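Each chain is listed here by its residues.
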Amino acid sequence: MATPQALVIDDSRAMRLILGDLLNQLGYETHEAGDGQQAISMLEEDANIPSLALVDWNMPVMNGLDFIKAVRGQNCYTNMKLLVVTSEAEVGHMVEALTAGADEYLMKPFSSEALASKLEMLGLRHA
Amino acid sequence: MSEIHPENYSHLRNLLFERIAVNLPDDKAYLAEARLHSLAREYTSGDINALIEKACNDPEDELRCQLIEAMAINETYFFRDPIFNESFTEHMLPNLMERRRKERSLKIWSAACSTGQEPYSIAMLLEDRFPELREWDVQIVASDFSRKSLSKARSGRYSLTEMNRGLPARFMALYFEQDGLEWQVKKPIRDKVDFQSINLIQQWPEELPAFDIILLRNVLIYFSLADRNLVLSKMRRQARHDGYLLLGAAENLEKCSGFKPVQASKYGSFFQPT
């Protein structure tokens, strides 16, 4: 079976490394983007659509919410699960993200166990 | 951290067995050292042996209760195992509701609820997936022996770490409100759960009703065979004849337990009275 692909979108390099590391441990091959716009460019350039995108909320150029809206506006990304990973813990943000089409929401700081639990909730396999 | 003397470890094991029927194996002294650390810091300047001696000699029961509570396993989280999303909501609950349609009554018992995530998960699930139950007489009883766990359960307040474990974001947005660094279950959901102090190996309250669903997940594994049989025979009397007993994924029952398996999945096993 092919290694599942995940896209990590976060403006913090340190966070991208941490998330990438955790996802690698869970059996994912990861790709990184520093903002929503860069993530969209990467998706457009690559024919392989990742099964999962981890999306930060606050980012320059294009934030997480706009990325979710853009992606959910295109049919080809329907199967890509969108997990918002953010320190924005307000219910209002959560509702906005879910309404825009995010599949789940994980609040920072979190444990690797919490990430694995969210992937399970999304029906995604992990090691 | 101080090491527990064998005789103190033996006192501790006896205490746990007598009060909550938990069999602490010979070789788990390190667990006791870790779990009693903060209590020892509070009462005996970090000396765990002094703590156990003090608790055993205390004319009051208070410290012994705290010792037992500190040793108990409180592992729980919202929607623990996807059992709630699969067999429970797709099959068991709809079938049971069909059978109870005339009496419009459903009684559920989360029999070792720890800090409350299990009964609140059920309350949220019923509210979200089965709105017609709002017109029914639905009773969710949640019990535990630990006063500390029950106090937290009643408050319905959870940390970020607890919120991140197993709780779907949609439910978080619908049924919780943020209060500083914590989140609290909204009152209408809190009000649906009746928390009671019950020690499974001691006498149960006489007013406990007959239950349609009993959740006793990941509890029996800590008991001796004799205590397991004792609790199961009481559960058998407390369950309605066509009700269900839900155990954890790793648990099974002997043929003579008074329950027969009706469904097993990798997330849990369902049993019905024989």
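Residues numbered from 1 in each chain as written. Chains lettered and ligands numbered in written order. Predicted model: local features only at pLDDT ≥ 70, side-chain atom pairs only at ≥ 80, totals over all residues.

**Observations concerning the overall build of chain A**
A tally of helices and strands in chain A yields 5 helices and 5 strands. Starting at the N terminus and ending at the C terminus, chain A contains elements arranged as β-α-β-α-β-α-β-α-β-α. Relative to a compact globule of 127 residues, whose C-alpha radius of gyration would be 14 Å, chain A shows 13 Å and is just as compact. The C-alpha extent of chain A, read off along each of the three principal axes, is 35 × 30 × 25 Å. Going through the 127 residues of chain A one by one, you find that 38% of them count as buried. The long-range fraction of contacts in chain A, counting pairs at least 24 apart against all pairs at least 6 apart in sequence, stands at 61%. (Helix = DSSP H or I, 4+ residues; strand = E, 2+ residues; numbered from the N terminus. Rg over C-alpha atoms; globule rule 2.2 N^0.38 Å. Buried ≥ 20, exposed ≤ 12 C-beta atoms within 10 Å, placed from the backbone. Contact = placed C-beta atoms within 7 Å.)

**A closer look at helix H3 (residues 64-72) of chain A**
All names here are of chain A. Among the residues of H3, those classed as buried are Gly64, Leu65, Phe67, Ile68 and Val71. The buried residues of H3 occupy one face: seen down the axis, they fall within an arc of 160 degrees. Buried positions along H3 lie against strand S1 (5-9), helix H2 (36-45), strand S3 (52-55), strand S4 (81-86) and helix H4 (91-100). (Arc of directions from axis to C-beta.)

**As for the interface of chain B and chain A**
Interface size is commonly expressed as the accessible area that is lost once the parts come together. Of the residues lining the interface, 12 residues belong to chain B; the matching set on chain A comes to 15 residues. Broken down by secondary-structure element, the contributors of at least two residues to the side of chain B that touches chain A are helix H9 (160-164) and helix H10 (169-175) of chain B.

**Let's talk about the pairing of strand S8 (residues 239-248) of chain B**
Residue and element names in this part refer to chain B. Where strand S7 (residues 211-215) lies against S8, 4 bridges are found, and the strand directions are parallel. By the bridge assignment, Ile213 is partnered in S8 with Tyr244. This β-α-β element, S7 to helix H12 (residues 225-238) to S8, shows right-handed connectivity. (Pairing = 2+ DSSP bridges. Right-handed = clockwise from strand over helix to strand, strands pointing away.)

**So, the confidence of the model for chain B**
All names here are of chain B. Counting all residues, the mean pLDDT for chain B is 88, and 95% of those residues have values of 70 or more. The spread of mean pLDDT over the elements of chain B runs between strand S9 (residues 259-265), the lowest at 74, and strand S6 (residues 193-197), the highest at 97. Quick note on the complex model: pTM equals 0.84, ipTM equals 0.80. (pLDDT = per-residue confidence, 0-100.)

**Quick word on the packing of helix H3 (residues 37-44) of chain B against helix H4 (residues 48-57) of chain B**
All names here are of chain B. As a packed pair, H3 and H4 sit with axes 9 Å apart at the nearest point and diverge in direction by 75 degrees. Taken as axis vectors, H3 and H4 run roughly perpendicular relative to one another. Two secondary-structure elements touch here, H3 through Leu39, Ala40, Tyr43 and Thr44 and H4 through Ile48, Ala50, Leu51 and Lys54. The residue makeup of the contact of H3 with H4, split by class, is 6 nonpolar, 1 polar and 1 charged. (Axes fitted to C-alpha atoms, helices over the stretch in contact; angles between N-to-C directions. Parallel < 35°, antiparallel > 145°, perpendicular 65-115°, else oblique. Nonpolar A, V, L, I, M, F, W, Y, C, P; charged D, E, K, R; others polar.)

**A few points about the nonpolar core**
Grouped together as the largest cluster of nonpolar side chains are 102 residues, with contacts concentrated most on Leu54 and Val55 of chain A together with Ile214, Leu216 and Leu245 of chain B. Taken domain by domain, this core gets at least three of its residues from each of domain 1 (6-71) and domain 2 (82-273) of chain B. If near-sequence neighbours (up to four positions away) are discounted, Leu245 of chain B is found in contact with Ile214, Leu216, Met235, Ala239, Phe259 and Phe271 of chain B. (Core = buried A, V, L, I, M, F, W, Y, C linked by C-beta atoms within 7 Å. Domains from an automatic or database assignment.)

**A look at the environment of Tyr175 of chain B**
Residue and element names in this part refer to chain B. Inspection of the secondary structure assignment puts Tyr175 in helix H10. Using a count of 21 C-beta atoms within 10 Å as the deciding quantity, one classes Tyr175 as buried. It is 30 Å that separates the C-alpha atoms of Tyr175 and Ala70, two residues lying 105 residues apart in sequence. In this structure Tyr175 touches Met124, Val185, Lys186 and Ile189, once residues within four positions along its chain are discounted.

**Details of the sheet that holds strand S2 (residues 29-33) of chain A**
Where strands meet in a sheet, backbone hydrogen bonds hold them as pairs that are either parallel or antiparallel. All names here are of chain A. With respect to topology, 5 strands assemble into an open sheet ordered S2-S1-S3-S4-S5, the strand pairing being parallel. Of all the strands in the sheet, just S2 and strand S5 (104-107) have a single pairing partner and so form its edges. Across this sheet, the average inter-strand angle for adjacent strands is 20 degrees, counted without regard to direction. The sheet contact formed by S1 and S2 spans 5 bridges and is parallel. Each bridged residue has a counterpart across the sheet, and for Ile9 the counterpart in S2 is Ala33.

**Structural notes on the environment of Ile20 of chain B**
Residues and elements named next belong to chain B. Mapped onto the elements, Ile20 comes out in helix H1 (residues 6-20). Each C-alpha atom of the pair Ile20 and Trp183 lies 31 Å from the other, and the pair is 163 residues apart in sequence. For Ile20, the contacting residues outside a window of four places in its chain are Ile68, Ala72, Phe145, Asn199 and Ile201.

**Some words on the domain arrangement of chain B**
All names here are of chain B. If you check the domain split of chain B, you get domain 1 (6-71) and domain 2 (82-273). Here the C-alpha centroids of domain 1 and domain 2 sit 29 Å apart. Domain 1 puts 5 residues into the contact, and the matching count from domain 2 is 9 residues. Of the residues belonging to the side of domain 1 that touches domain 2, the class tally is 3 nonpolar, 1 polar and 1 charged.

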